[in-house]
Amino acid sequence: MVLDLLASGLVFSSIIVLGSIGLSLVYSIANFANFAHGDTMTIGAYTSLVTFGAVGGLGGSVLGLPFGFFVALLAGIAVAALVAVVTEKLVYDGMDLDSIGLLIVSIGLAFIYRAVIQLGFSAQSTRYGIQALRPIEALLPYGVRVTQHDVAIVVSAAVLVTGLHVLLQYSDLGRKMRAMADNPDLARVSGIRTDRIKLWTWVIGAGLAGAGGAFLGLYSQLTPRMGFNLLLLIFAAVILGGIGSVYGAMLGGFLIGVINQMTPLLSQIGIPIGIEYADAIAFVIMVVVLLFRPNGIAGEAT
Amino acid sequence: MSLTTDPKGYWTDLTVAEKGVSVGVVLFAAALLFSLLTGGLAPTYFLYLVGLAGMYALLSLGLNSQWGFSGLINFSVAAFFGIGAYGTALASASGSPIAGGLPPVVGLLAALALATMLALFIGIPTLRLRADYLAIASIGLAEVVRIIVRNQDDWTNGSAGVRGIPSFFEGWPVLETLPETLPTLVFGSGPGATVLNAPFWQALLNVGLVLAFVGLCYLVLRRAHRSPWGRVLRTIRSDEDLARALGKNTYGFKMQSFVLGSLIMALAGVFYAHLNLYVSPGDLDPITTFYVWVAVILGGSGSNRGALFGGVVIVAIREGTRALPVDAAPMRLLFIGLIIVFLMRFRPQGVLPPQKELIWPGTVDETPQQPDSGVRETKAGEQ
């Protein structure tokens, strides 16, 4: 039971982590809480749906996922990033607003994204045309029920997160991003082209969100509200980890995902709180963290 | 300058935006009157729309006294609206799982008490937080409230909602039976005739109720915001550190403002419950929060007139999209989103920003006359 919940917590965490990193990156560079981030995930999911419908299986498969799905995943990442860049150029760029104004603008953008998706695909839930798998036989004796798809989600998320880590720590772009997150003015006078770095931040953040959305569609199903419904959990994760910190977002995302899936344990040890309160628990954790440790576990800086 | 004594001077005193809005309001009213007279708009439905507009005006007045005056980013409007609706519904409805059957006035008091408790529950932890954290935390706590209402079947009937809510005037002398006793009026003849019967009079009573609520809140807020108390709130909004340095307990002031605004939002919920006669957890959906935010920033943060204006626009969007040939729900979202983005891009202060209305008329100085001599033409350093 505990092992099973831990495993499903790990899978759910992978999706939350992909969402949280982008939210945290954008917060640290553009300096506002982006309420459109959840709907960026939805964009990734629906792009993958369309792409997968177009390219189909493409021969072989890995971990129960046809190659076509990975093509669709890349398309989801690319389109989410593209939408973010276009939005930055078209809307945010040239706006003279404080962080609260930008926050309100991002709510408007979230509605626009969601409305367009709902106009194109209706509010009904849908799925990728991938057959659902049975749990992996070898793990059943331990009481762990995960499918190959779940493993694929965790592995892909791990690859993306590792890639981001390498990028941040060892590349020129990563160093500039960290410098800018630390102190934008100092970064600018040091000769870093902050506009360009900001654009790259949007690309990376939204790209990861797109990947998270595509996996969220695989994990459950696709609805126009899917990303918005996840947004508050992502906020909880980011705040738990320390808003603006990428590594904090990873840690926070992991913890929130696992805690969320572990909720059934509460009623087992005699606390009468059912699974329906899983999200509520995360939000309460978020408020408690804000009260007592507003910088999160990892602190503010990247 | 008043409208009755000097209409011309009153008109020239208005800003361009105010003139535009005035013309728009007159045209909109004329269009409504035209469709009422030609039968395009049923009178009972029209009154229902007026009631809804009044309800949104109440909600925006409430949010305005939190965000517009004290700068509190409250994203839990839907929770207060819902708690107001559920408070009165659980007290007065025949289908209530707890008390039920009490007079609606008791329901009103129960709703206000519940809203005060919720305001303290949300406000005590969150009002110390930085502005954007407050936004996230308050929407999170509002979701907690919604999840509880949806899942605690033994208190709230869960997702089935509460049925059997009486009209607000049930149990009142005269007003209770007034709609039935008033005569049925028929204008015109044949199938196109306009019939004014009991539902119409009932709707008229409801409109009277919401207008009374709006009027009361408007007067209270106008008085409060022009008072020294309101000036402290405005100082907190523009510079909280300054207010603290002047010895003000900013947390206490913010809490008072938060509770006051929340009570007004709950009042809107009470009206809604007795208008709709049914409440469900869907009424606590966060979209209501954002509708009200659009109403307030569209009208102009801090402006009570603007809040009234925004309320009418929201109802026009909500109900007007029903007439479109496409799916209404995404179109509503799209309109709301576009309004937010375009407003913040081109007119972040809103259509009717507060100007003189915040200050007692007598305290406004006339602009000092420019002296004729002894004034340098340019400041130092200017070319």
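Under an unreviewed UniProt entry, the name given to chain B is Branched-chain amino acid ABC transporter permease, and the organism recorded is Haloarcula salinisoli. Quoted straight from UniProt, the Subcellular location (unreviewed entry) entry for chain B says "Cell membrane".

Under an unreviewed UniProt entry, the name given to chain A is Branched-chain amino acid ABC transporter permease, and the source organism is Haloarcula salinisoli. The UniProt entry for chain A carries the following text under Subcellular location (unreviewed entry): "Cell membrane".

1. Considerations on the overall build of chain B
If you tally the helices and strands in chain B, you get 15 helices and 2 strands. Expressed as a percentage of its 383 residues, the buried residues of chain B come to 50%. Taking contacts inside chain B between residues at least 6 apart in sequence as the whole, the part at least 24 apart equals 74%. Summed over all atoms, the accessible surface of chain B reaches about 17,900 Å², with 65% contributed by carbon and sulfur.

2. Considering the overall build of chain A
When helices and strands are tallied, chain A shows 12 helices and 2 strands. Starting at the N terminus, the α and β elements of chain A follow one another as α-α-β-β-α-α-α-α-α-α-α-α-α-α. Per-residue burial over chain A gives 56% buried out of 302 residues. Of the roughly 12,300 Å² of accessible surface on chain A, 63% is carried by carbon and sulfur atoms. Considering chain A, the positive charge centre built from 14 side chains and the negative charge centre built from 15 side chains are found 6 Å apart.

3. Things to note about helix H2 (residues 16–38) of chain B
Residue and element names in this part refer to chain B. Spanning 23 residues, H2 covers 33 Å between terminal C-alpha atoms, matching the ideal 33 Å at 1.5 Å per step. All of the buried residues along H2 are Ala17, Glu18, Val21 and Ser35. Against the buried residues of H2 lie helix H14 (304–320). Looking one or two residues beyond H2, the residue adopting positive phi is Gly39, at roughly 85°.

4. Some points on the interface of chain A and chain B
On the chain B side, the residues contacting the 40 residues of chain A number 40 residues. When the buried area of chain A at its contact with chain B is split by residue, Ile104, Phe111 and Tyr277 of chain A rank highest and sum to 17% of it. For the pair chain A and chain B, the number of links is 1 salt bridge. The partner of Arg225 of chain A in a salt bridge is Asp285 of chain B, and the shortest N-O contact between them spans 3.6 Å. At the junction of chain A with chain B, the criterion picks out 3 residue pairs in polar contact (both at pLDDT 80 or more). In the side of chain A that touches chain B, the residues fall into 31 nonpolar, 4 polar and 5 charged.

5. Quick word on the packing of aromatic side chains
The full count for this structure, using the stated rule, is 23 aromatic pairs over all chains. Ring plane angle 70° and centroid distance 6.4 Å describe the contact between Phe52 of chain A and Phe69 of chain A, whose orientation is recorded as edge-to-face. Taken as a pair, Phe52 of chain A in helix H2 (residues 37–55) and Phe69 of chain A in helix H3 (residues 67–92) lie far apart in primary sequence, 17 residues in all. With centroids separated by 5.8 Å and ring planes inclined at 80°, the aromatic side chains of Phe80 of chain B and Phe258 of chain B adopt a geometry described as edge-to-face.

6. A word on the packing of helix H4 (residues 99–121) of chain A against helix H15 (residues 328–346) of chain B
For the pair H4 of chain A and H15 of chain B, the least separation of the axes is 7 Å and the interaxial angle reads 150°. On the basis of the axis angle, H4 of chain A is roughly antiparallel to H15 of chain B. Crossing of H4 of chain A against H15 of chain B: the hand is left-handed. In terms of residue class, the contact of H4 of chain A with H15 of chain B is made up of 19 nonpolar, 4 polar and 1 charged.

7. Side note on a nonpolar patch on the surface
Residue and element names in this part refer to chain A. A cluster of nonpolar side chains, namely Val55, Leu58, Val62, Leu63, Phe67, Val71, Val155 and Val159, defines an oily patch on the protein surface of about 600 Å² accessible area. The set of elements that each furnish at least two residues to the nonpolar patch consists of H3 and helix H5 (148–170). By the element assignment, Leu58 lies in the loop between H2 and strand E1 (61–62).

8. A look at the pattern of salt bridges
Scanning the model with the defined rule gives 12 salt bridges over all chains in all. One salt bridge in this structure joins Arg188 of chain A and Asp185 of chain A, with 3.4 Å as the shortest N-O distance. Remark: Asp185 of chain A and Arg188 of chain A occur in helix H7 (residues 184–189); sequence separation between them is 3 residues, near one turn of the helix. Owing to a relative accessible area of 46%, Arg188 of chain A belongs among the partly exposed residues under this scheme. Within this structure, Glu240, Asp241, Arg244 and Lys254 of chain B form a network of salt bridges that share partners.

9. What to know about the nonpolar core
Core analysis: the largest hydrophobic core is formed by 191 residues, its most contacted members being Tyr128 of chain A together with Phe75 of chain B. Among the elements that take part in this core, helix H12 (residues 250–276) of chain B stands out by supplying 14 residues, more than any other. The contacts of Phe75 of chain B, once residues within four sequence positions are left out, are Phe35, Leu103 and Ile107 of chain A together with Ala135, Ser138, Ile139, Ala142, Thr289, Phe290 and Trp293 of chain B. Counting 8 residues, the second largest nonpolar core, distinct from the first, contains Leu41, Leu47, Phe200 and Val207 of chain B.

10. Observations concerning the confidence of the model for chain A
Interpretation of the predicted coordinates at a detailed level should be avoided for regions scoring low in pLDDT. When pLDDT is averaged across chain A, the result is 90; 98% of the residues are at 70 or more. Taken element by element, chain A is modelled with least confidence in E1 of chain A, mean pLDDT 78, and with most confidence in H2 of chain A, mean pLDDT 95.

11. Observations concerning helix H13 (residues 287–299) of chain B
Residues and elements named next belong to chain B. With 13 residues, H13 should cover 18 Å at 1.5 Å per step; its first-to-last C-alpha distance of 18 Å lies within 8% of that length. With 12 of 13 residues buried, H13 lies mostly within the body of the structure. The first or second residue beyond H13 is Gly300, which carries a positive phi of 115°.

12. So, the environment of Thr162 of chain A
Along the polypeptide, Thr162 of chain A turns up in helix H5. Between the C-alpha atom of Thr162 of chain A and that of Val284 of chain A, which follows or precedes it by 122 residues, the distance is 30 Å.

Rules and cut-offs
Residues numbered from 1 in each chain as written. Chains lettered and ligands numbered in written order. Predicted model: local features only at pLDDT ≥ 70, side-chain atom pairs only at ≥ 80, totals over all residues. Heavy atoms only, no water. UniProt positions renumbered as here; feature names shortened; annotations may be inferred. Helix = DSSP H or I, 4+ residues; strand = E, 2+ residues; numbered from the N terminus. Buried < 20%, exposed > 50% of the residue type's maximum accessible area, 1.4 Å probe, protein only. Contact = heavy atoms within 4.5 Å. Areas by Shrake-Rupley, 256 points an atom, 1.4 Å probe, with all protein chains shown as cover. Lys, Arg positive; Asp, Glu negative; His and termini not counted. Charge placed at Lys NZ, Arg CZ, Asp CG, Glu CD. Expected span 1.5 Å × (residues − 1). Buried area = accessible area lost by both parts, 1.4 Å probe. Salt bridge = Lys/Arg side-chain N within 4 Å of Asp/Glu carboxyl O. Polar contact = N/O pair within 3.5 Å; in protein donor to acceptor, adjacent residues only side chain to side chain. Nonpolar A, V, L, I, M, F, W, Y, C, P; charged D, E, K, R; others polar. Phe/Tyr/Trp six-rings, centres within 6.5 Å; stacked < 30°, edge-to-face > 60°. Axes fitted to C-alpha atoms, helices over the stretch in contact; angles between N-to-C directions. Parallel < 35°, antiparallel > 145°, perpendicular 65-115°, else oblique. Left-handed = near helix turned anticlockwise from the far one by under 90°. Patch = residues over 30% accessible without salt bridge, like charges linked within 9 Å, V, L, I, M, F, W, Y side chains within 5 Å. Core = buried A, V, L, I, M, F, W, Y, C linked by side-chain atoms within 4.5 Å. pLDDT = per-residue confidence, 0-100.

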